[in-house]
Amino acid sequence: MTRIAYFGPTGTFSEQAALAFADGHELVPAETIPLVFAAVRAGEAEFGCVPVENSVEGSVSATMDALAADAPLVAVAEVVLPVRFSVLVRPGTTDVKTVASHPHALAQVRHWLDENLPDAAVVASTSTAAAAVGVAEGRFDAAVSAPVAVHHYPLAELATDVADVRDAVTRFLLLHKPGVVPEPTGADRTSVVAVAADRPGELAGILTELALRSINVSRIESRPTKERLGEYKFYLDIDGHITQQRVGDALAALHRRCHDVRFLGSYPQAAPSVERDAADPDTSDDSYAAAAQWLAGVREGTRA
Ligand SMILES: O=C(O)C(=O)C[C@]1(C(=O)O)C=C[C@@H](O)C=C1
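Predicted model only: the values in this text are computed from it and were never measured.

How each quantity is defined
Residues numbered from 1 in each chain as written. Predicted model: local features only at pLDDT ≥ 70, side-chain atom pairs only at ≥ 80, totals over all residues. Heavy atoms only, no water. Helix = DSSP H or I, 4+ residues; strand = E, 2+ residues; numbered from the N terminus. Buried < 20%, exposed > 50% of the residue type's maximum accessible area, 1.4 Å probe, protein only. Contact = heavy atoms within 4.5 Å. Areas by Shrake-Rupley, 256 points an atom, 1.4 Å probe, with all protein chains shown as cover. Lys, Arg positive; Asp, Glu negative; His and termini not counted. Charge placed at Lys NZ, Arg CZ, Asp CG, Glu CD. Pairing = 2+ DSSP bridges. Axes fitted to C-alpha atoms, helices over the stretch in contact; angles between N-to-C directions. Expected span 1.5 Å × (residues − 1). Arc of directions from axis to C-beta. Domains from an automatic or database assignment. Parallel < 35°, antiparallel > 145°, perpendicular 65-115°, else oblique. Left-handed = near helix turned anticlockwise from the far one by under 90°. Nonpolar A, V, L, I, M, F, W, Y, C, P; charged D, E, K, R; others polar.

**Q** Can you lay out the overall build of the chain for me, pointing to particular residues and giving the numbers?
**A** Within the chain, the regular secondary structure consists of nine helices and 15 strands. Its C-alpha atoms give the chain principal-axis dimensions of roughly 85 × 45 × 35 Å. Looking at the chain residue by residue over its 304 residues, the buried ones come to 48%. Restricting the contact set of the chain to residue pairs at least 6 apart, pairs at least 24 apart contribute 75%. If you sum the accessible surface of the chain, you get close to 14600 Å²; carbon and sulfur atoms cover 53% of it. Side-chain charges in the chain split into 25 positive and 40 negative, and the spacing between the mean points of these groups amounts to 5 Å.

This is the structure:
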């Protein structure tokens, strides 16, 4: 049976994302995001499911770092889930002195906590469900959890539908060892991470390579290389698929000019951000093929 390792324990948003990817597969929890990557790299699970980006709190740095380090894994699918929380307590709890959750979740309910539990000490936990486990075991009084967590742990709802930003969403990736790239659908995303050379205009140069080929950038994020102060790698999410000429051409250009480029996957967009085939017709695959034919003819001396 196909196994999906997910950022657990049971009752996380990541588990719901894993279910959305493939109901019927065996879901195996891993306690941290790096452990999800490790399970896939070691072949203990074929796929891994991790959060990558939240509309309120931004990128999940543990995922970003794990994507760029060690043996490469690539994204083969994404899913976007709405994020509203339940605040869970042991049945009968009236006095909440400590409230725990994953830092990303805490950041999304800061105002609610200020208004409703102003005296509670806020504690970071490895995941929203780990916080629920901590409450069940008596280590904290309340957990900011995914709504499904109440079905997994002997806890009661102190509040439901908690979110400072009503329409918050989190994007999750399904990861696999490099091998098969999903077929292009016409509304795909390609992710890469590039270590740029440290020279004037380099970032502008990278973006120009994309702009010249009519490629939309949906996200750019920098993280330190962790080797030297001031040295950064750039994560880019672009619209399009690696099999498209203009995307392949742009990534080859990035490979020429950057110290390092790692392909992080081409996969269907969960919520397409552009019209299908909205790109400039001068950058279509047909246009690239015609230009390559002309160039080959010129080199052979059969065309001018
Ligand atoms: O702890 C969980 O439930 C997770 O799946 C992690 C996570 C995150 O890292 O962003 C997922 C979605 C929510 O935004 C809060 C927490």
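**Q** So, the environment of Ala 132: which residues are in play, and what are the values?
**A** Along the chain, the position of Ala 132 falls in helix 6 (residues 128-136). Ignoring any residue separated from it by four or fewer positions in sequence, one finds Ala 132 in contact with Ala 143, Ser 145, Tyr 153 and Leu 155.

**Q** Give a description of the sheet that holds strand 15 (residues 260-268) that names residues and reports values.
**A** Pairing in this open sheet of four strands is antiparallel, and the strands run 13-14-12-15 from one edge to the other. Only two strands of the sheet have a single partner each, and these edge strands are strand 13 (217-224) and strand 15. Across the sheet, the mean angle from the axis of one strand to that of its neighbour is 15°, orientation sign disregarded. Note: strand 13 against strand 14 (residues 232-239), seven bridges, orientation antiparallel. For Arg 223, the partnering residue across the bridge sits in strand 14 and is Lys 233. The sheet strands contacting helix 7 (residues 202-212) are strand 13 and strand 14, and the helix crosses strand 14 at an angle near 15°.

**Q** Give me helix 8 (residues 245-257): which residues, what numbers.
**A** Here helix 8 spans 18 Å end to end across 13 residues, near enough to the 18 Å set by a 1.5 Å rise per residue. Within helix 8, burial applies to Arg 246, Val 247, Ala 250, Leu 251, Ala 253 and Leu 254. Burial along helix 8 is one-sided: seen end-on, the buried residues are contained in an arc of 155°. Exposed side of helix 8, more than 90 degrees from the buried face: His 255 and Arg 256 are the residues found there. The elements touched by buried residues of helix 8 are strand 12 (188-195), helix 7, strand 14, strand 15 and helix 9 (285-300).

**Q** Any details on the domain arrangement of the chain? Residues and values, ideally.
**A** For the chain, the domain assignment lists domain 1 (1-82 + 169-180), domain 2 (84-162) and domain 3 (181-286). A separation of 39 Å is found between the C-alpha centroids of domain 2 and domain 3.

**Q** Tell me about the packing of helix 2 (residues 33-41) against helix 3 (residues 61-68), residues and numbers included.
**A** The geometry of a pair of packed helices is captured by two quantities: the angle between their axes and the separation between those axes. Helix 3 packs onto helix 2 with a crossing angle of 30° between their chain directions and a minimal axis gap of 9 Å. In terms of orientation, helix 2 lies roughly parallel with respect to helix 3. Judged by the sense of rotation from one axis to the other, the crossing of helix 2 with helix 3 is right-handed. Side by side, helix 2 and helix 3 meet where Ile 33, Phe 37 and Arg 41 of the first sit next to Ala 62, Thr 63, Ala 66 and Leu 67 of the second. Class assignment for the residues of the contact of helix 2 with helix 3 results in five nonpolar, one polar and one charged.

**Q** Explain helix 6 residue by residue, including any values.
**A** Because each turn of an α-helix spans 3.6 residues, side chains separated by three or four positions in sequence point in the same direction. Counting buried residues along helix 6, seven of its nine residues qualify, which places the element largely inside the surrounding structure. The complete set of buried residues in helix 6 reads Thr 128, Ala 129, Ala 130, Ala 131, Ala 132, Gly 134 and Val 135. Structurally, helix 6 contributes buried residues whose contacts are with helix 1 (13-21), strand 6 (85-89), strand 7 (98-101), helix 4 (103-107) and strand 9 (142-145).

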